Amino acid sequence: MVDAITEFVVGKIGNYLIEEASMFMAVKEDLEELKTELTCIHGYLKDVEAREREDEVSKEWSKLVLDFAYDVEDVLDTYHFKLEERSQRRGLRRLTNKIGRKMDAYSIVDDIRILKRRILDITRKRETYGIGGLKEPQGGGNTSSLRVRQLRRARSVDQEEVVVGLEDDAKILLEKLLDYEEKNRFIISIFGMGGLGKTALARKLYNSRDVKERFEYRAWTYVSQEYKTGDILMRIIRSLGMTSGEELEKIRKFADEELEVYLHGLLEGKKYLVVVDDIWEREAWESLKRALPCNHEGSRVIITTRIKAVAEGVDGRFYAHKLRFLTFEESWELFEQRAFRNIQRKDEDLLKTGKEMVQKCRGLPLCIVVLAGLLSRKTPSEWNDVCNSLWRRLKDDSIHVAPIVFDLSFKELRHESKLCFLYLSIFPEDYEIDLEKLIRLLVAEGFIQGDEEMMMEDVARYYIEELIDRSLLEAVRRERGKVMSCRIHDLLRDVAIKKSKELNFVNVYNDHVSQHSSTTCRREVVHHQFKRYPSEKRKNKRMRSFLYFGELKFLVGLDVETMKLLRVLDLGALRGPFASNGDLIHLRYLRFDGDSLRLFDIAAIISKLRFLQTLDASHLCPIYDTIDLRKLTSLRHVIGRFFGNLLIGDAANLQTLRSISSDSWSKLKHELLINLRDLFIYEMIRSVPVSWASLTKLRSLRVLKLETYGRNLSLELEEAVRSMDVISPSLESVTLVRITFEEDPMPFLQKMPRLEDLILENCDYSGGKMSISEQGFGRLRKLQLFMERLDELQIEEEAMPNLIKLEIKVFERETKLRIPNRLRA
């Protein structure tokens with residue numbers, strides 16, 4: 001595991017030598033020497049960690065290397081901070097720079113000399129105790145491009161979730177869900193040990209076409225061992241999709257009892273289905289049941305749990321269903337689907353080896369899919385090596401193979417993917433992880449390197465999808481063929497937490513206790529209760545990242561001023577002032593709730609964060625302050641409801657901009673937004689209207705949302721776009737909100753050749769017929785028309801051949817629909 005950290009630090013030294021060459025000129029040779037020594041040690045580490053079991057001497061030596069690597073990072077980042085800070089001085093303070101630079105140079109020379117003595121001592125210890133056998137480092141320089149190309153070849157195409165061995169279970173439970181004679185609220189409990197597929201089975205039922213047709217109101221929530229009743233209720237309310245953004249902002253401040261009453265009111269008199277995933281205590285259900293009406297509409301609740309007493313402890317009418325282990329035949333079917341994707345010929349020896357390993361998985365689906373993910377990237381000759389490794393690690397049949405399979409799969413990852421997997425330990429149990437947020441965090445941490453061919457965000461996505469492909473991470477939601485959210489299984493999360501603790505990589509505080517008590521950890525994460533976060537931790541000078549996942553709390557005592565090396569600051573729902581005079585030179589990621597601005601002047605702080613990559617104020621509360629980002633030339637993602645002026649300068653790196661007012665948008669140089677992919681513009685009353693001609697200049701744009709307050713929009717009247725055969729060729733998703741169309745928008749929108757999602761929300765068109773031609777929307781997969789008025793809709797027979805989802809709702813009058821029979825199902 002230590003090899004992932006050392007390779008990361010070696011890469012960081014190389015980046016400093018290339019990108020900040022002038023800063024490190026005085027110590028260039030010493031740094032080159034350190035890099036060489038650490039690269040050699042990295043080779044020995046690979047050998048040590050390839051062993052089936054590490055001896056105690058090797059473990060202690062690896063720990064010395066780990067501490068050394070972290071200290072190298074600290075020295076480099078601190079020196080870089082000092083030089084950058086001096087370069088920003090003005091007035092009389094600038095006169096001290098020359099003397100200060102000399103002092104800094106002397107200081108880093110001394111620090112590096114100490115580091116050189118330490119690494120020589122580490123090398124002597126390796127030789128004295130005979131640790132490892134040198135493996136030559138593979139290649140040289142930046143291998144990111146090669147690795148990504150290899151990953152691109154290895155990654156499988158999107159696959160629908162297949163539940164093997166649970167077909168009979170699904171049939172039984174579906175009958176219970178759809179039982180028309182059962183009018184009362186009915187509870188279905190699915191229970192069994194971790195890894196059997198309880199959540200997968202519940203999701204299969206939840207997404208069943210019959211279930212979607214039967215239950216108009218569906219919601220999914222998770223509980224886990226550490227839960228807050230208010231959070232669970234809010235997840236159900238959001239999942240139902242019945243509450244506006246403004247209303248959600250209001251009720252999130254409710255007490256638990258008020259939320260219970262609110263949810264009960266939403267569901268009263270309605271036929272609903274609620275899935276409550278991963279309950280550990282009967283008390284959790286007691287907290288929820290009051291909010292779920294016991295009506296006579298035929299509503300259903302599905303519960304998943306590992307504990308039989310919880311499954312059978314619900315009151316009222318229920319059915320408890322115990323999941324079994326897979327038979328060998330079912331296990332082999334599941335294994336075959338995933339393990340042989342890249343193998344053309346399956347000889348008898350290969351099948352025999354595979355069946356021996358599957359037998360050891362003892363019918364546990366999670367173990368089988370992780371093993372299959374590991375072997376799917378192996379040549380047939382390497383299967384025997386994996387099999388032999390399993391046998392050597394299994395002393396007797398009393399040891400379950402699952403932890404060993406998980407460990408083997410982790411060791412097989414490239415170092416970037418290892419860092420991605422370890423980073424998953426920051427998220428709470430059962431947390432649905434927004435993939436774009438995870439990508440932005442990984443980039444901000446410095447774990448990802450881009451190249452001429454690919455942006456860092458694309459590289460990060462490939463590494464995450466490798467984890468999904470290996471079944472170390474589960475895709476939860478997909479849009480336009482891309483994974484949008486994911487979740488890590490509890491058992492695999494335990495592996496990530498255990499390894500993060502061993503590497504001093506992440507320190508997580510929850511309601512009970514710190515999962516890792518180190519005082520020097522670089523990444524601190526608080527779940528739920530900030531007040532229990534120790535005061536001495538709030539002034540950790542070595543801290544690189546602080547993240548908060550929890551409820552609304554007032555921020556007290558987090559001394560950001562002392563955290564000069566901070567790269568990631570995710571305050572979440574923490575409110576209140578924090579001190580900073582603009583010295584956060586390393587900060588790459590800043591996230592906070594939008595209404596934090598009411599409590600302190602964060603706008604002034606943001607304007608000084610010159611190297612910031614992500615600014616995320618994505619909470620529902622609008623920001624009326626002027627936000628000046630003109631000096632932040634490294635910005636890649638700007639997210640929030642910016643109702644005030646949003647000033648942006650050189651935006652060549654900008655990929656995400658949501659949302660911006662049309663007034664602020666009109667002042668930008670649109671032709672400079674060469675990498676912008678995701679854009680949300682809103683028009684306020686009496687604001688400058690958006691010109692579609694400005695959007696046609698965005699050659700990388702993939703997702704567009706345009707929201708107005710009922711303004712008339714004539715798409716075809718713009719001279720610049722009327723004559724175009726193809727408009728916005730990269731656009732994949734378009735959402736138009738509260739627009740009144742003066743003519744049929746479809747002929748215009750059909751000129752977007754890559755469009756996959758089209759949503760017209762609360763729009764108005766009463767001027768005649770809206771028509772989609774046979775040549776229209778060749779790639780469209782989703783069409784949602786939520787119209788105030790629409791007289792007639794005609795879809796020709798051959799139009800939209802790839803359409804999967806069609807929704808039409810017209811609020812004020814009857815609409816004449818002329819659509820093909822294939823779209824009426």
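Residues numbered from 1 in each chain as written. Predicted model: local features only at pLDDT ≥ 70, side-chain atom pairs only at ≥ 80, totals over all residues. Heavy atoms only, no water.

This part is about the overall build of the protein. For the protein, the count of helices and strands is 27 helices and 29 strands. Contacts in the protein between residues at least 24 apart in sequence constitute 62% of all its contacts with a sequence separation of at least 6. Within the structure as shown, the protein displays about 35,800 Å² of accessible surface, and the carbon and sulfur contribution to it stands at 49%. (Helix = DSSP H or I, 4+ residues; strand = E, 2+ residues; numbered from the N terminus. Contact = heavy atoms within 4.5 Å. Areas by Shrake-Rupley, 256 points an atom, 1.4 Å probe, with all protein chains shown as cover.)

As a further point, take the nonpolar core. Ranked by size, the top nonpolar core spans 133 residues in total, and within it Phe335, Phe421, Ile448 and Phe505 carry the most contacts. Here the element with the most residues in this core is helix α3 (residues 56-87); it accounts for 11 residues. Once residues within four sequence positions are removed from consideration, Phe421 is found in contact with Phe410, Leu413, Leu467, Leu472, Ile488, Leu492, Val495 and Ala496. Counting 78 residues, the second largest nonpolar core, distinct from the first, contains Met563, Ala617, Leu668 and Ala799. (Core = buried A, V, L, I, M, F, W, Y, C linked by side-chain atoms within 4.5 Å. Buried < 20%, exposed > 50% of the residue type's maximum accessible area, 1.4 Å probe, protein only.)

Further remarks concern helix α22 (residues 490-502). In this model α22 runs 18 Å from its N-terminal to its C-terminal C-alpha over 13 residues, within 8% of the 18 Å that 1.5 Å per residue would give. Taken together, the buried positions of α22 are Asp490, Leu492, Arg493, Val495, Ala496, Ile497, Lys499 and Ser500. Tucked into the core, α22 has its buried residues touching β3 (272-279), α16 (365-375), α18 (402-411), α19 (415-423) and β10 (523-527). Asn504, located one to two residues past α22, shows a positive phi value of around 55°. (Expected span 1.5 Å × (residues − 1).)

With that out of the way, let us pick up the sheet that holds strand β7 (residues 474-479). Strand order in this open sheet of three strands is β6-β8-β7, and the pairing throughout is antiparallel. Both outer strands of the open sheet, β6 (433-434) and β7, are each paired with one neighbouring strand and no more. Bridge count between β6 and strand β8 (residues 482-487): two bridges; the pairing is antiparallel. Along β8, the bridge assignment pairs Asp434 with Ser485. (Pairing = 2+ DSSP bridges.)

A word on the confidence of the model for the protein. Should pLDDT be low for a region, the predicted coordinates there are not to be read in detail. On average, residues of the protein score 82 in pLDDT, and 83% of them are at 70 or above. Of all secondary-structure elements in the protein, the lowest mean pLDDT belongs to helix α5 (residues 144-154), at 42, while helix α20 (residues 435-445) reaches the highest, 96. The model gives residues 134-160 a pLDDT under 50, and that stretch makes 44 contacts with residues more than four places away or in other chains. (pLDDT = per-residue confidence, 0-100.)

Turning our attention to the sheet that holds strand β5 (residues 318-322). Where strands meet in a sheet, backbone hydrogen bonds hold them as pairs that are either parallel or antiparallel. Reading across from one edge, β2-β3-β4-β1-β5 is the order of the five strands in this open sheet, with parallel pairing throughout. Sheet topology places β2 (217-222) and β5 at the edges, where each strand pairs with a single neighbour. With strand direction ignored, the average angle separating the axes of adjacent strands in the sheet is 15°. Across the face of the sheet, helix α7 (residues 198-206) comes into contact with β1 (186-191), β2, β3 and β4 (300-305) while running at roughly 165° to β2. Against the sheet, helix α9 (residues 229-240) engages β2 and β3, with an angle of about 145° to β2. (Axes fitted to C-alpha atoms, helices over the stretch in contact; angles between N-to-C directions.)

This paragraph deals with the side chain of Arg523. Among the secondary structure elements, Arg523 is positioned in strand β10. Its relative accessible area of 4% is what places Arg523 among the buried residues. Separated by 3.2 Å, the side chains of Arg523 and Glu445 make a polar contact. Those residues in contact with Arg523 that sit more than four places away from it in its chain are Tyr423, Glu445, Phe447, Phe505, Val506, Asn507 and Ser545. (Polar contact = N/O pair within 3.5 Å; in protein donor to acceptor, adjacent residues only side chain to side chain.)

Another point: unusual backbone geometry. The peptide bond linking Arg658 to Ser659 adopts the cis configuration, its omega dihedral lying at 0°. In the Ramachandran plot, Ser224 falls in the positive-phi region, its phi being about 70° despite a non-glycine side chain. Examined against the element boundaries, Ser224 turns out to sit in the loop between β2 and α9. Residues other than glycine seldom take positive phi values, yet Arg738 does so here, at roughly 55°. Tracing the sequence through the fold places Arg738 in the loop between β24 (733-737) and β25 (740-741).

Below, the discussion takes up the pattern of salt bridges. The final tally for this structure, using the stated rule, is 48 salt bridges. A salt bridge links Lys12 to Glu73; its shortest N-O distance comes to 2.9 Å. Here Lys12, found in helix α1 (residues 2-19), pairs with Glu73, found in helix α3; they are 61 residues apart in sequence, far enough to count as distant. A relative accessible area of 11% means that Lys12 is categorised as buried. On the basis of relative accessible area, Glu73 is assigned to the buried category, the value being 3%. Between Arg377 and Asp469 there is a salt bridge, with the nearest N and O atoms lying 3.1 Å from each other. Pair noted here: Arg377 is in the loop between α16 and α17 (380-393) and Asp469 is in helix α21 (residues 456-469), with a separation of 92 residues, a long-range link. Among the residues examined, Asp469 registers a relative accessible area of 9% and is labelled buried. Salt bridges sharing partners connect three or more residues here, namely Lys12, Asp71, Glu73, Asp74, Asp77, Arg118, Arg522, Arg542 and Arg544. (Salt bridge = Lys/Arg side-chain N within 4 Å of Asp/Glu carboxyl O.)

Before going further, it helps to examine the environment of Arg324. As for its placement among the helices and strands, Arg324 is situated in the loop between β5 and α14 (328-339). Owing to a relative accessible area of 34%, Arg324 belongs among the partly exposed residues under this scheme. For Arg324, the side chain forms a polar contact with the main-chain oxygen of Gly165, separated by 3.1 Å. A polar atom in the side chain of Arg324 sits 2.8 Å from the side chain of Glu330.

Turning to the packing of α9 against helix α11 (residues 256-267), a few remarks are in order. At a minimum axis distance of 9 Å, the contact between α9 and α11 shows a crossing angle of 25°. Regarding the angle of α9 to α11, the classification is roughly parallel. Relative to α11, the crossing made by α9 is left-handed. Between α9, through Thr229, Gly230, Leu233, Met234, Ile236, Ile237 and Leu240, and α11, the contact on the second element is made entirely by Asp256, Leu259, Glu260, Tyr262, Leu263, Leu266 and Leu267. Per-class residue counts for the contact of α9 with α11 are 10 nonpolar, two polar and two charged. (Parallel < 35°, antiparallel > 145°, perpendicular 65-115°, else oblique. Left-handed = near helix turned anticlockwise from the far one by under 90°. Nonpolar A, V, L, I, M, F, W, Y, C, P; charged D, E, K, R; others polar.)

Further remarks concern helix α6 (residues 167-177). Burial in α6 covers these residues: Asp169, Ala170, Leu173 and Leu177. Looking down the long axis of α6, one finds its buried residues gathered within 95° of arc, a one-sided arrangement. Facing away from the buried side of α6 by over 90 degrees, the exposed positions are Asp168, Lys171 and Glu175. Residues of α6 that are buried sit in contact with β1, α7, α8 (209-214), β3, β4 and β5. (Arc of directions from axis to C-beta.)

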